[in-house]
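Here is how the chains run, residue by residue.
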Number of protein chains: 2
Amino acid sequence: MYKAPVEEIAFTLRHVAGLSAALSEGRFGDLSDDVVDAVLAEAGRFAGEAIAPLADVGDRQGVTLKDAQVTMPEGWPALYRAWMQGGWNALAAAPEFGGQGLPHMLQVATMEMWNGGSMAFAIGPTLTIGAVEALSAHGSDALKRTYLPNMVSGEWMGSMNLTEPHAGSDLGALKTRAERRDDGTYRLFGQKIFITYGEHDLTENIVHLVLARLPDAPPGTRGISLFLVPKFLVNADGSLGGRNDVHCHSIERKLGIHASPTCTMIYGDGRFGDEPGAVGWLVGEENKGLACMFTMMNNARLAVGMQGVAIAEAATQKAIAYARERTQGRAPGWEGPGMSPIIEHPDVARMLLTMKALTQGARAITYACAHAVDMSQVTKGDEARHWGERASLLTPIAKSFATDAGVDVASLGVQVHGGMGYIEETGAARLYRDARIAPIYEGTNGIQAIDLVTRKLPLSDGRQVKWLIAELKGIAGAVRAAEDSGFGETAARLGSSLADLEAATDWLGRAMAEGRHADALAGATPYQRLFGLALTGAYLAKAALADAGDGRKAERTALCRFAAENLMAETAALKDRVINGAASLAAARAVLG
Amino acid sequence: MYKAPVEEIAFTLRHVAGLSAALSEGRFGDLSDDVVDAVLAEAGRFAGEAIAPLADVGDRQGVTLKDAQVTMPEGWPALYRAWMQGGWNALAAAPEFGGQGLPHMLQVATMEMWNGGSMAFAIGPTLTIGAVEALSAHGSDALKRTYLPNMVSGEWMGSMNLTEPHAGSDLGALKTRAERRDDGTYRLFGQKIFITYGEHDLTENIVHLVLARLPDAPPGTRGISLFLVPKFLVNADGSLGGRNDVHCHSIERKLGIHASPTCTMIYGDGRFGDEPGAVGWLVGEENKGLACMFTMMNNARLAVGMQGVAIAEAATQKAIAYARERTQGRAPGWEGPGMSPIIEHPDVARMLLTMKALTQGARAITYACAHAVDMSQVTKGDEARHWGERASLLTPIAKSFATDAGVDVASLGVQVHGGMGYIEETGAARLYRDARIAPIYEGTNGIQAIDLVTRKLPLSDGRQVKWLIAELKGIAGAVRAAEDSGFGETAARLGSSLADLEAATDWLGRAMAEGRHADALAGATPYQRLFGLALTGAYLAKAALADAGDGRKAERTALCRFAAENLMAETAALKDRVINGAASLAAARAVLG
């Protein structure tokens, strides 16, 4: 059973991602270490004791749809209410609407735990929080007053309605129609697919944020507006009114996250309400809907990255526990009686250490990204701009590296279990199934790579990425200066990987500057992976260098060394692929017909 | 829908694996190219038209157990009978028992196609063929006469009963008991788990081959005997007699291959028969059961490798078809109207070409292994020994590289589909689920790596592996000599990967010779992967160099170049991991507690 890694999370927040420095600089007002510890401990308890025990029933029962109503698995409505009553949904929201105003870093840390307990559970609140962010930033005061308090408390959940059958990665192609009405409201007509938690029985109302196109809107992405469409209309006194003309038409049978309803939503077919058309309110300005969405998209991407971290953590815990218990054969050097636990076999140890290193690396990257988000909000001027860029730069890497790690680590987890890993009762298979959506939704990892290369590398004329690399080089230098033999070849290995990152970055910069877009895009995914690995190496070293006084320094140093001497050599191959791979890729296109 | 790649299979058999040379040397008697083509074409038709359409219903319905009887999915019994009546089960078996005596290479090629249609279907016959091989090699004449004709025709299926709850990879720990009876028969008592096709309603009888221990047997692997235990006893006239005391106690709920029943089998609890004890007959000698099993284990491992190839092929076909149809965004250089097919995006093309290259590489390795098996059987003396060793050396690589490729390619296939890939109806998710068992069963890929390093590298005092590497170097030399600019940097890249392979091989040889077993085992999995990648590069080059007159030479050269310039750089990292990874792995053991 999943046990939230509270200590590891607290350590990473403080000593790798920068929470300690931010606290001592007073960046988060009077937030104290004690409060941080209390929040993390309590969240860890809830994730392990309340959420995790319901993950399997959620997976087995899934959700059912009848008469446009989705029924959640047994025990899930009560679980949600308990979670909500714990105040967890309000953690990082603005106090004016009932939020606790805690740093984003803490929210991300609790999200890791909810996802570790059950990814199908955590994705619901993730969407609500995204909707709160979009509404907070762009909604009118009236809309905020009407909806935010209940959405912040979690009394009502939110959903994000972007995708249509022919508009997934390319939102410019979407067709859902919004018509203006004289009273200032709109009527929406259309179909949205893959809507996570679009319908369920956890809350009385559901607040849909919907991208749609006005009749006179320009084509493409510049003609998209954002609307708020509640499942039930809200009366002037705040009570629920009539049913709005939006409903769930069908739910998907998916590979994993079975307890997360994935809905096809129909807007304005006349099934509910007086006249056809779902009543909606504009959020932000007409035709500026995509910009509103981008506000929350970065945070949503980071939240999905957290899912990768959480699945990787859960899979690693499960595999280590199994490998300690299960005996088979005699490992070299085993002197106990009978068979040795399989954890003693070098090949199994290699798998487990790889899982550990990838998990911890992905965690450090995502938390560093959350830190940058926080810093961009608590600083001003150039400093705020710098941290905003840092968050932007790290977001695609956090999303892609962590979600790929989730899949890879869950797959290794199945392998460590041997035949038992293929049996659903064991739970390793569920993690493997659940993990697989994260590299896809909120922008596929390929889209993240395009974003990284074409939008993030050019930030501050290419200097933002250089600043980050310089910081990482500083870590490599500190490893060298530490003269700790426990690091083995870490300094040299890390230095070499950072040189690979620098060379690949420079090459991509030139390719983009020279208009060789196809070449640059051909290398985008290997580059993204290279960046993630280099960050992993550097952040594992930063962790090992930190003095937390918890007696685990030698252990962290050993994990860092393992990663440096076993995982970092891959960066040379990735750099090579970035720089030398495009020509053969272009030449081989004919193979695909 | 899966379409068997008949031309690619025929090409690989002939020009990469060595079938053409073997035929022209008359190694397979009067077998002609026409017969080969006819067999492949007919198998391809059956796989695509009869098996593939039932794969999804098999996955959705799965199998059910009631009163010790497993019911297969709708349409599957009829499918099996049609397959059997096509004579497919008898393809490579000895003519004296009704087999067609065709080369193992052809059987493997047809197996790729059955698995491409449905892995859950093909695994059943795979087990039967394994049982036929074991019985043919070690059974008494009486046993063969009684069982082989019906097992060769497929009228009765077989099952292999090895695993017990505490004896998986380590068979020495098994506890199933066999007692001698005065009439020369035995009575078996015990429990076997994970028994594939241990019970079903496809055939009237099921012939279980069971490993068990005699009361006076020495402990460990030297005290294991092999027994034949039929579900129904067979009368002297060949008709079915009474029910034997063996039954299916439960079936597993698995991640994939839902239509393949995975049974817990109970022997001798008195549920059936006159007195408790399942009636069994010894196969081979007492206490020599493991040696009997090893006879068929290599072939079974190769057969599982084929599953990896088949899943990779099916996933690649599906992804390419989707990427041609699905439009989204505008790829660089796209000049058509509207959105471009996603296959035009460099990142998608990279995924698809990687899938193609891994699939074709895995196919070439497995077919080359099957060729070696055939050659070992049609030659004599030193030549037979050489080919036997070659088959032994290639088997763990074929099994592991191809099954890892199956998982990796199926995962890429899901990714290419985006959100649709996560929806079960699309079918990509099933391949991802099905693929995951293959790196586990028939010896986990970690076990294969141990086998490769500790048993296969020492063959012929380490010269067997050197001969193979020399052969691969010859291919690299031929690429250089070809002076075809289409190869790009292939000659240099391949040469470099083969140098990595050689260096890693030498290092492992020294480590084993010096008794540093833990170090050698720590590098076993990276080494196995390195070997598979080097073989992939070399065999793709061999394919590109061949002159098949089919107008696809340029295409094969381009795929070879893509692999050389995009995938082969990984070998340097793998070599590094083999040679330099063990120390940090040992140092980090404490991290695992």
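If you're wondering where the values come from, they're calculated on a predicted model, not measured in any experiment.

Rules behind the numbers
Residues numbered from 1 in each chain as written. Chains lettered and ligands numbered in written order. Predicted model: local features only at pLDDT ≥ 70, side-chain atom pairs only at ≥ 80, totals over all residues. Heavy atoms only, no water. Contact = heavy atoms within 4.5 Å. Buried area = accessible area lost by both parts, 1.4 Å probe. Salt bridge = Lys/Arg side-chain N within 4 Å of Asp/Glu carboxyl O. Polar contact = N/O pair within 3.5 Å; in protein donor to acceptor, adjacent residues only side chain to side chain. Nonpolar A, V, L, I, M, F, W, Y, C, P; charged D, E, K, R; others polar. pLDDT = per-residue confidence, 0-100. Helix = DSSP H or I, 4+ residues; strand = E, 2+ residues; numbered from the N terminus. Least-squares fit on C-alpha atoms with pLDDT ≥ 70 in both. UniProt positions renumbered as here; feature names shortened; annotations may be inferred. Core = buried A, V, L, I, M, F, W, Y, C linked by side-chain atoms within 4.5 Å. Buried < 20%, exposed > 50% of the residue type's maximum accessible area, 1.4 Å probe, protein only.

Peer 1: Before we move on, can you summarise the interface of chain B and chain A with the specific residues and values?
Peer 2: Counting residues at the interface gives 88 residues for chain B and 88 residues for chain A. For the pair chain B and chain A, the summed buried area comes to about 7700 Å², and 58% of that belongs to carbon and sulfur atoms. It is R253, Y422 and L592 of chain B that lose the most area in chain B upon contact with chain A, and together they represent 12% of the buried surface on that side. Summed over the shared surface of chain B and chain A, the number is 6 salt bridges. A salt bridge links E344 of chain B to R589 of chain A, with the shortest nitrogen-to-oxygen separation between them at 3.6 Å. Linking chain B with chain A are 47 residue pairs in polar contact (both at pLDDT 80 or more). Of the residues assigned to the side of chain B that touches chain A, the class counts are 41 nonpolar, 22 polar and 25 charged.

Peer 1: Describe the confidence of the model for chain A, listing the residues and the values that go with them.
Peer 2: Regions with low pLDDT should not have their predicted coordinates read in detail. Residues at a pLDDT of 70 or more form 100% of chain A, whose mean pLDDT is 97. Listed scores for the predicted complex are pTM 0.98 and ipTM 0.97.

Peer 1: Lay out the environment of A405 of chain A in plain terms, naming residues and giving numbers.
Peer 2: Mapped onto the fold, A405 of chain A is located in helix α11 (residues 381-416). In this structure, A405 of chain A is in contact with A312, L358, A362 and A410 of chain A, ignoring residues within four places of it in sequence.

Peer 1: Quick rundown of the relation of the copies chain B and chain A? Include the residues and the values.
Peer 2: Superposing chain B onto chain A takes a rotation of 180 degrees plus a shift of 0.0 Å along the axis, which leaves an RMSD of 0.0 Å. Interpreted geometrically, this transformation is the action of a two-fold axis. If distances are taken from each C-alpha of chain B to the rotation axis, the shortest is found for E570 of chain B, at 3.3 Å. Mapped onto chain A, 100% of the interface residues of chain B again fall at the interface, so both copies present the same surface.

Peer 1: Describe the UniProt feature "domain: Acyl-CoA dehydrogenase/oxidase C-terminal" (unreviewed entry) in chain A, and please don't skip the residues or the numbers.
Peer 2: Here, UniProt's "domain: Acyl-CoA dehydrogenase/oxidase C-terminal" (unreviewed entry) annotation points to residues 287-452 of chain A. In the segment residues 287-452 of chain A, helix accounts for 73% and strand for 0%; the C-alpha atoms at its two ends are 25 Å apart.

Peer 1: Can you lay out the UniProt feature "domain: Acetyl-CoA dehydrogenase-like C-terminal" (unreviewed entry) in chain A for me, pointing to particular residues and giving the numbers?
Peer 2: Annotation from UniProt places "domain: Acetyl-CoA dehydrogenase-like C-terminal" (unreviewed entry) at residues 482-587 of chain A. For the annotated span residues 482-587 of chain A, helix accounts for 79% and strand for 0% of the residues, and the straight-line distance between the end C-alpha atoms is 48 Å.

Peer 1: For the environment of E179 of chain A, give the residues involved together with the corresponding values.
Peer 2: Residues and elements named next belong to chain A. When you line up the elements, E179 lands in strand β4 (residues 177-180). In this structure, the C-alpha to C-alpha distance between E179 and L501, residues 322 residues apart in sequence, is 49 Å. Dropping the residues within four chain positions of it, E179 is found in contact with T185, Y186, R187 and F189. A distance of 2.9 Å separates a polar atom in the side chain of E179 from a polar atom in the side chain of R177.

Peer 1: Give me the lowdown on the nonpolar core, citing residues and values where you can.
Peer 2: Core analysis: the biggest nonpolar cluster contains 421 residues, and Y527 of chain A together with Y527 of chain B have the highest contact counts within it. Once residues within four sequence positions are removed from consideration, Y527 of chain B is found in contact with L452, V453, L457, V465, L501, A504, T505, L508 and V578 of chain B.

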